[in-house]
Each structure stands twice: as structure tokens, then as C-alpha cells.
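Here's the letter readout for the chains.
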Amino acid sequence: MDYGCGGALGAGTVSATYLYRAFRAAVELGARKPVLLAETGIDERDLRNPLSRLSGLILVRLIEAAERELRDPAAALRMGALFGPRSLSDMGYVARFQPTLAAAFDYNRRTLALSQTLVEARLDRGRIHSRIVFDMIGPSAPVLRPYLELLLSHWRQSAIQAAGRPAALVSVSLPYDAPPHAADYARHFGCPIQFGASAVTCEFATELLDAPLPLADLALSRRMEQRLAIFQLLTDGRIGEGTDDDGVGPFSRMCRAYLLGEMDKSSLTLSRTAEALGTSERSLRRRIRDEGTSFRAILEHVRRELCDVYLLERGRSMEEIALLLGYSETSAFTRAHCRWYGVPPSRVQRSLRAVA
């Protein structure tokens, strides 16, 4: 299957996880999976490997297919509100636990750079008003129009979720002519929209940037910050270099990175992991054994790490946490937690809620 970028998009790419979030949002709005897959030329399995990258053209095609399927020219704006990460299997999820909105924007900026190579984000801080600016890396703004609509809507929704209240925008500017559904922009963003501008920007009151966020959790943020470092190594092609600070070898580290991103999406097997990493099951088993561990031990480590964070959130049910950790039944999760810590997870969660 050809995922070459070609054409107006140049070398722009998106991660499979990023594309999957757009696919999920379209389906939740009522678009049919077979139609979306047929019009974009991909298989749903292509969206399940967090280590793979696809042409940015596919993301644009997907959004355009959703617009036609839903008969809604403003579907991208609605998809953006549903596009955000929902679990720690997506590294962008940690943004909501940053201390301030400025820190959340910075975290989102870094994860955006790892997730796609279509645009770059930067914050221009002013005394009264500040702006989030999205710079085109290669493709032109008119070509990316569906994606820019989704992206702006997503970042606005992320600010709302992080701050726990509506994010009042002063203005939104876009470097292309007003589309037929231009009135939908103003209704969606609740502010004036300038078309034909020199850049893609969202302007808002500077005072919002330094206000403390209600979900701020420095311990949790620091604990998961290593996700960015791991994915940066993957992006740079340096994941196989040396060992990390915990003495984890390169192949074990690759397995961790894959399982972290895949934990809430599909069956977690050595065979599927090896396929995603471009090697054979036998070879991967031997390599991680040579590093002093096993696939089962790596899977247990990742599950235990994520479990600790989900319980700290204090807002998840036992059933939801079990699913996010790849367990088909809550009882299997409870048995695993008792094996790790000697007590059921419900007791830990009650204790955390009691001291909250």
C-alpha cells in the first residue's frame, strides 16, 4: 500500500496514533468506518501501531471524507472537539496535569512536533494579549484547510479541559479565503474570525497563561515526561542506542514504547509487537532475553506503571482502568494488582480519595 507523501504535501507525515484520533472522532460523530477506510485507502490495522508514520495527505483525506459522509462542511471543527487524547497511552494526555496553561501549551507544542510534520506551534506572549501561532512547515494553508480547522478546535478544547472553564478567544486568524461555511467558525470559536491573514493564530488574554490549573500534578507530570524522551528517540531513529538510566536495553525500551502506546487499543502479544517493530517473534524474544528480561516482564512493568498513574487520577472506575491496561475483565486486573502490591486496586483508590 502506497503511503507516499508526494504532491502538495511534500514530506509531511503524521503518526498512526494521531491519525487514529481523527478517525475515532469522525466515527463518534456518525461517520461509517468502512467508508472512511475506503476513501483514505488504509486498513484499520494501519492505525494501531503507535510507532508507524503515514502520509499527512491521508489525514487531510480522512477529514474531507468525514465532511462528505456526515454532509457537514464544518465537520472538522466538531471533530477537533473530540480529537484530544483520553488516556496515558497517548503522550499528549499529560498536558492537562501541567501547573499552568502556559506549561500545557508548551507540552502540547512538543507532542505536536512528534506527532506530525505539517505545522509547528509557538507561543507569542504579549503584555495584554498572547497568540498561539501555527507555522506551515511545507504544505500550503489552503491544502491543509480541513486539518487546520480540526487543529484549532482541538487546541481550544484542550485549553478548556486543562483550565476547567471555557477558554475565551479574542480572535482567530487564517491565511486562506473564507470558505462557504465561514459562519460556522464564528459560532464555534465565539470570537471574530479573520480570513486572508498572514498566519494561523489564536489570540487570547495573557492573564490566562499563568493561572494555576485545577488538575495540576507535578509528580505525575514528571513521571510521564520520559514518554516524550522515548518518542523523540523513536522519531530520530536512535531508539537502539545504549541503555537508559534504569539499565534497560534498546530492544526492551522499544517494547516499552510500543506497549505504552498500544495498551488501550489491541491485544498485547509478542507476535504483534515484533511485527510492529519490523522483526520476527523469535528474534525479538532472543534479543530481550539477552537484555535480561522477558516480554511478559516488560508488559507487567508497563501495566504497573500506568496503573499507578490512573489510580492517582482518582476519576477512573475499576472497569475503565482494567480496559485501559489491556485486561478484558476487571477481575484479571484485580488479581494482577494483588500480585504486585498485595492489596486490591479498589482499596488503594479509596485511600487516595480519602486524602484528596
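Structural notes, computed from the coordinates. Computed from a predicted structure; not experimentally measured.

One finds L19, L59, L112, V119, F134 and Y147 to be the most contacted residues of the largest nonpolar core, which totals 63 residues. Considering every element that reaches this core, the biggest residue donor is helix 6 (residues 145-163), with nine residues. Membership of the second largest hydrophobic core comes to 37 residues, among which are F97, M263, A274 and L324.

Our next topic: unusual backbone geometry. Where the residue is not glycine, phi is negative for most of them; where a peptide bond is considered, it is trans in most cases. Located in the positive-phi region is R71, a residue other than glycine, with phi close to 55°. Using a relative accessible area of 79% as the deciding quantity, one classes R71 as exposed.

Left-over empty space is what a probe sized like a water molecule reveals as it rolls over the atoms. In this structure the tally under the stated criterion is two cavities of 30 Å³ or more. By volume, the largest cavity is sized at about 120 Å³. Together, 14 residues line the largest cavity, and F105, W155, A159, L169 and F204 are the ones closest to its centre. Contributing elements (two or more residues each) for the lining of the largest cavity: helix 5 (101-115), strand 4 (129-136), helix 6 and strand 7 (200-205). When residues of the lining of the largest cavity are assigned to their parent elements, the largest contribution, four residues, is made by helix 6. Taken together, the residues of the lining of the largest cavity break down into 13 nonpolar, no polar and one charged. Every residue along the wall of the second largest cavity is listed here: L101, A159, A163, R165, P166, A167 and L208. When its residues are assigned to classes, the lining of the second largest cavity shows six nonpolar, no polar and one charged.

Next up on the list: the side chain of T13. Position of T13 relative to the elements: it lies in strand 1 (residues 13-15). Polar side-chain contacts of T13 include one of 3.1 Å to the side chain of R53.

Further remarks concern the pairing of strand 4. Across six bridges, the pairing between strand 3 (residues 119-124) and strand 4 is antiparallel. Directly across from R122, in strand 4, lies its bridge partner V133. Adjacent in sequence and paired antiparallel, strand 3 and strand 4 are bridged by four residues. Sheet topology places strand 4 next to strand 7; six bridges connect them, and they run antiparallel. When the sheet's bridge partners are listed, S130 is paired in strand 7 with F204.

As a further point, take the environment of S89. Of note, S89 is situated in the loop between helix 4 (75-82) and helix 5. Exposure remark for S89: the relative accessible area of 3% places this residue in the buried category. Separated by 217 residues in the primary sequence, S89 and L306 place their C-alpha atoms 8.6 Å from one another.

Our next topic: the sheet that holds strand 3. With mixed pairing, the five strands of this open sheet are ordered in space as 3-4-7-5-6. Of all strands in the sheet, those bounded by a partner on one side alone are strand 3 and strand 6 (193-195). Sheet twist, expressed as the average angle between the axes of neighbouring strands with direction ignored, equals 15°. Of the strands in this sheet, strand 3, strand 4, strand 5 (169-174) and strand 7 touch helix 6, which is tilted by about 145° from strand 4. Contacting strand 5 and strand 6, helix 7 (residues 182-189) runs over the sheet at an angle of about 145° to strand 6.

How each quantity is defined
- Residues numbered from 1 in each chain as written.
- Predicted model: local features only at pLDDT ≥ 70, side-chain atom pairs only at ≥ 80, totals over all residues.
- Heavy atoms only, no water.
- Core = buried A, V, L, I, M, F, W, Y, C linked by side-chain atoms within 4.5 Å.
- Buried < 20%, exposed > 50% of the residue type's maximum accessible area, 1.4 Å probe, protein only.
- Helix = DSSP H or I, 4+ residues; strand = E, 2+ residues; numbered from the N terminus.
- 1 Å grid on protein atoms, 1.4 Å probe; cavity = no way out; pocket = protein on both sides within 12 Å on 5 of 7 lines; lining within 4 Å.
- Points joined across faces, edges and corners; volume = space filled by probe spheres on them.
- Nonpolar A, V, L, I, M, F, W, Y, C, P; charged D, E, K, R; others polar.
- Polar contact = N/O pair within 3.5 Å; in protein donor to acceptor, adjacent residues only side chain to side chain.
- Pairing = 2+ DSSP bridges.
- Axes fitted to C-alpha atoms, helices over the stretch in contact; angles between N-to-C directions.
- Contact = heavy atoms within 4.5 Å.

Such coordinate-based values are descriptive only and should not be taken to indicate function.
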